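Breakdown of the fold
Here is what each chain is made of, one letter per residue.
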Amino acid sequence: MDAANLLDFDRDGLTAWVQSLGEKPFRARQLLRWIHKRGVGEFSAMTDVARSLRETLATRAVIASAPILRDGASADGTRKWLFDVGGGEAVETVYIPEADRATLCISTQAGCAVGCRFCATGAQGFSRNLTTAEIIGQLWTAERMLRPAPESRVPGDGDRIISNVVLMGMGEPLQNYDAVLPALRLMLDDDAYGLSRRRVTLSTSGMVPMIDRLAQDCPVALAVSLHAPDDALRDELVPLNRKYPIAELLAACRRYLAHAPRDFITFEYILLAGVNDAEGQARALLRRVDGLPCKFNLIPFNPTAVSAFRRSEPERVRAFAEILQEGGIVTTVRRTRGDDIDAACGQLAGQVRDRTRLVARVGTPVLMEGTA
Ligand code: SAH
Ligand code: SF4
């Protein structure tokens, strides 16, 4: 029998698994706390677990996150890890410290099948879904790497570093729902990461039926990548729109609000010069979202090697934001972080596109690079 990877299980999964070994359900809680709350990866260190069980665990289970291929630090404090998920595939995770929070941006798929025109991940095509272990493993590993060494820690196990998680890395999370759901549950579980629902944000390009399922199963904060005020343009930019057009997407957002931990939906809108940044388009957006509690997050386009789009000029960004704001919608413009390590949105796949040469170029173990 293959060893189980305990990072694949949320509380229910782990409970069922320990019971299959003939153990009591409370063992699952002990394991959750050791693995996720304390960041322990060795069964031998789990001192309140009976020795006989520790020995069984060592033969029947592993705690295995994807290995780190590269670790890059940016001058602005942003840090980016490249995880080797096998078969020449790699996914990225970005850590963004700010004054009042520390956010981890994680990936859910190797590649993406949606194929948005402006996105480097989309250009790469779809390779495969990540497993729950590969998804939660990004948070598990980041916490372990960022926490101070055990000897300099404050006693107790509540010394988490990461306060917010966003599913905004590579992939469309709602096209990998079965693996994403247990990962979300672990993020929220008090015996694991204990994050509040408002501090976990799932970003989707608009998988309407799965937005409804998420509302039932695990309503976290929702961000929707809108990028256009009308179907003709959105069909081009976000091909999933041909299946789930804007009216259906907005209706799903309204339904989600009845369950959401926040009383608004966040719309992400990349500004592409001369494509979707005209003042008339801002006004059209206002009409479309009329009566829907929402905020807009305007994202300066990060140029990728794969598209001919250009970033909108700052005056245009300002004018666009002003129209939305005057229409009564809270609007923010995302600050670009980690530019010097290609950690900005949509650039994540930039370094890994040429899959065949990936390992040759990067080498095997952890390498530090970057400017900090
Ligand atoms: N697939 C999901 C989540 C991952 S993409 C989604 O599309 O929402 C996360 C965000 O990065 C999305 O809003 C996406 O539109 C944005 N993004 C993609 N490529 C980008 C680029 N080149 N510049 C800026 N933002 C980009
Ligand atoms: Fe996929 Fe999101 Fe990129 Fe679109 S923007 S291709 S949905 S990762």
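Residues numbered from 1 in each chain as written. Chains lettered and ligands numbered in written order. Predicted model: local features only at pLDDT ≥ 70, side-chain atom pairs only at ≥ 80, totals over all residues. Heavy atoms only, no water.

Some thoughts on the overall build of the protein
Test applied: The way it works is that DSSP assigns letters per residue, a run of H or I at least four long becomes a helix, a run of E at least two long becomes a strand, and they are numbered from the N terminus. Burial classes follow relative accessibility: with a 1.4 Å probe on protein chains only, a residue under 20% of its type's maximum area counts as buried, one over 50% as exposed, and anything between as partly exposed. Here, residues are in contact when the closest pair of their heavy atoms is within 4.5 Å. In this description, accessible areas are obtained by the Shrake-Rupley approach with a 1.4 Å probe, and a residue is regarded as covered only by the protein chains that are shown.
Per the secondary structure count, the protein includes 12 helices and 15 strands. Buried positions account for 56% of the 372 residues belonging to the protein. The long-range share in the protein, meaning contacts at least 24 apart out of those at least 6 apart in sequence, stands at 66%. Of the accessible surface of the protein, which amounts to about 15800 Å², a share of 51% is contributed by carbon and sulfur atoms.

What to know about the confidence of the model for the protein
Our working rule: As a per-residue measure, pLDDT reflects the predictor's confidence and takes values from 0 up to 100.
Across the protein, the average pLDDT comes to 90, with 88% of residues at or above 70. This stretch, residues 349–372, has a pLDDT under 50; its non-local contacts, to residues over four places away or in other chains, come to 57 contacts.

Remarks on the packing of aromatic side chains
Applicable threshold: A pair of Phe, Tyr and Trp rings is counted when the ring centres sit within 6.5 Å of each other, with Trp represented by its six-membered ring. The angle between the planes then sorts it: under 30 degrees is stacked, over 60 is edge-to-face, the rest tilted. In this analysis the charged atom, NZ for Lys or CZ for Arg, is taken to sit over a ring once it is within 6 Å of the ring centre and within 35 degrees of the ring normal.
The full count for this structure, using the stated rule, is 5 aromatic pairs. Connected via pairs of aromatic rings, a cluster forms that spans Phe-267, Tyr-269, Phe-296 and Phe-320. In this structure, Arg-38 packs its charged tip against the face of Trp-34, placed 4.1 Å from the ring centre.

Describing the site of ligand 1
For clarity, the cut-off: Think of it this way: one heavy atom of a residue within 4 Å of a molecule or strand is enough to make that residue near it. Polar contacts here mean pairs of N or O atoms no more than 3.5 Å apart (in protein, one a potential hydrogen donor and the other a potential acceptor; neighbouring residues in sequence count only if both atoms are side-chain atoms). For this classification, the nonpolar set comprises Ala, Val, Leu, Ile, Met, Phe, Trp, Tyr, Cys and Pro, the charged set comprises Asp, Glu, Lys and Arg, and every other residue, Gly included, is treated as polar.
Looking at ligand 1, there are 21 residues lining it, with Gly-171, Ser-203, Ser-225, His-227 and Asn-302 nearest. At 2.8 Å, a side-chain N or O of His-227 approaches an oxygen atom of ligand 1. One nitrogen or oxygen atom from the side chain of Glu-268 is found 3.0 Å from an oxygen atom belonging to ligand 1. Compared with its free state, where it exposes 530 Å², ligand 1 has 96% of that area covered by protein. For the shell around ligand 1, the elements supplying multiple residues, two or more each, are β10 (200–204), β12 (265–271) and β13 (294–300). Residue composition of the shell around ligand 1, by class: 9 nonpolar, 10 polar and 2 charged.

Concerning the site of ligand 2
Taken together, Cys-112, Val-114, Gly-115, Cys-116, Phe-118, Cys-119, Gly-122, Gly-171 and Ser-205 make up the full set of residues adjacent to ligand 2. Looking at side-chain class alone, the shell around ligand 2 contains 5 nonpolar, 4 polar and no charged residues.

What about unusual backbone geometry?
Phi is positive for His-227, which is not a glycine, with a value near 70°. Structurally, the position occupied by His-227 is in the loop between β11 (221–225) and α8 (231–237).

Here's the deal with the nonpolar core
For clarity, the threshold we go by: Take the buried Ala, Val, Leu, Ile, Met, Phe, Trp, Tyr and Cys residues and link them wherever side-chain atoms come within 4.5 Å; each set so joined is a nonpolar core.
Counting 110 residues, the largest nonpolar core has Leu-6, Trp-17, Met-187, Phe-267 and Phe-296 as its most contacted members. A total of 9 residues in this core trace back to one element, the largest contributor, which is helix α6 (residues 177–188). Residue contacts for Phe-267: discarding those within four places in its chain leaves Val-224, Leu-226, Leu-250, Cys-253, Val-289, Leu-292, Cys-294, Lys-295, Phe-296 and Asn-297.

Structural notes on the pattern of salt bridges
Working definition: two side chains of opposite charge can pair if their charged atoms are close together. To keep it simple, the criterion reads: Only one rule defines a salt bridge in this text: a Lys or Arg side-chain nitrogen within 4 Å of an Asp or Glu carboxyl oxygen.
Tallied over the full model, the rule gives 13 salt bridges. The partner of Glu-134 in a salt bridge is Arg-128, with the nearest N and O atoms 2.8 Å apart. Residue Asp-212 pairs with Arg-255 through a salt bridge whose shortest N-O separation is 2.9 Å. Residue Asp-212 is located in helix α7 (residues 208–217), and its partner Arg-255 is located in helix α9 (residues 246–257); the two are separated by 43 residues in the primary sequence. The network of salt bridges with common partners includes Arg-11, Arg-29, Arg-33, Asp-189 and Asp-191.

Some points on the state of the cysteines
Filter applied, for reference: Only a pair of cysteine sulfur atoms within 2.5 Å counts as a disulfide in this structure description.
By the definition in use, this model includes 0 disulfides. Free of any disulfide, Cys-294 has its nearest neighbouring cysteine sulfur in Cys-253, separated by 8.8 Å. Taking relative accessible area as the criterion, Cys-294 reaches 10% and is therefore assigned buried.

Comments concerning the environment of Tyr-193
Residue placement: Tyr-193 occurs in the loop between α6 and β10. By relative accessible area, Tyr-193 is classed as buried at 1%. Taking C-alpha positions, Tyr-193 is 6.4 Å from His-36, a pair spaced 157 residues apart along the chain. Every residue in contact with Tyr-193, bar those within four places of it in the chain, is listed here: His-36, Ile-136, Leu-139, Trp-140, Glu-143, Arg-160, Leu-186 and Met-187. Within the structure, Tyr-193 has its side chain in polar contact with the side chain of His-36 (distance 2.8 Å).

Observations regarding the packing of helix α1 (residues 11–20) against helix α2 (residues 26–37)
Where we set the bar: Orientation is described by lines fitted to C-alpha atoms, with helices fitted over the stretch in contact, and by angles between N-to-C directions that extend from 0 to 180 degrees. These descriptions rest on fixed angle ranges, namely under 35 degrees for roughly parallel, over 145 for roughly antiparallel, 65 to 115 for roughly perpendicular, and the rest for oblique. Crossing handedness follows the turn of the near helix against the far one: under a right angle anticlockwise gives a left-handed crossing, and clockwise gives a right-handed one.
As a packed pair, α1 and α2 sit with axes 8 Å apart at the nearest point and diverge in direction by 125°. With respect to α2, the element α1 is oriented oblique. α2 is crossed by α1, and the crossing has right-handed handedness. Across the interface between the two elements, Arg-11, Leu-14, Thr-15 and Val-18 of α1 pack against Arg-27, Ala-28, Arg-29, Leu-31 and Leu-32 of α2. Tallied by class, the residues present in the contact of α1 with α2 amount to 5 nonpolar, 1 polar and 3 charged.

A word on helix α10 (residues 279–288)
The following threshold applies: An arc is given here, and it is the one of the directions from the helix axis to the C-beta atoms.
For α10, the full list of buried residues reads Gln-281, Ala-282, Ala-284 and Leu-285. Each buried residue of α10 lies within a common arc of 160° when the element is viewed along its axis, so the set occupies one face. In this fold, the buried residues of α10 make contact with α8, β12, β13 and α11 (314–326).

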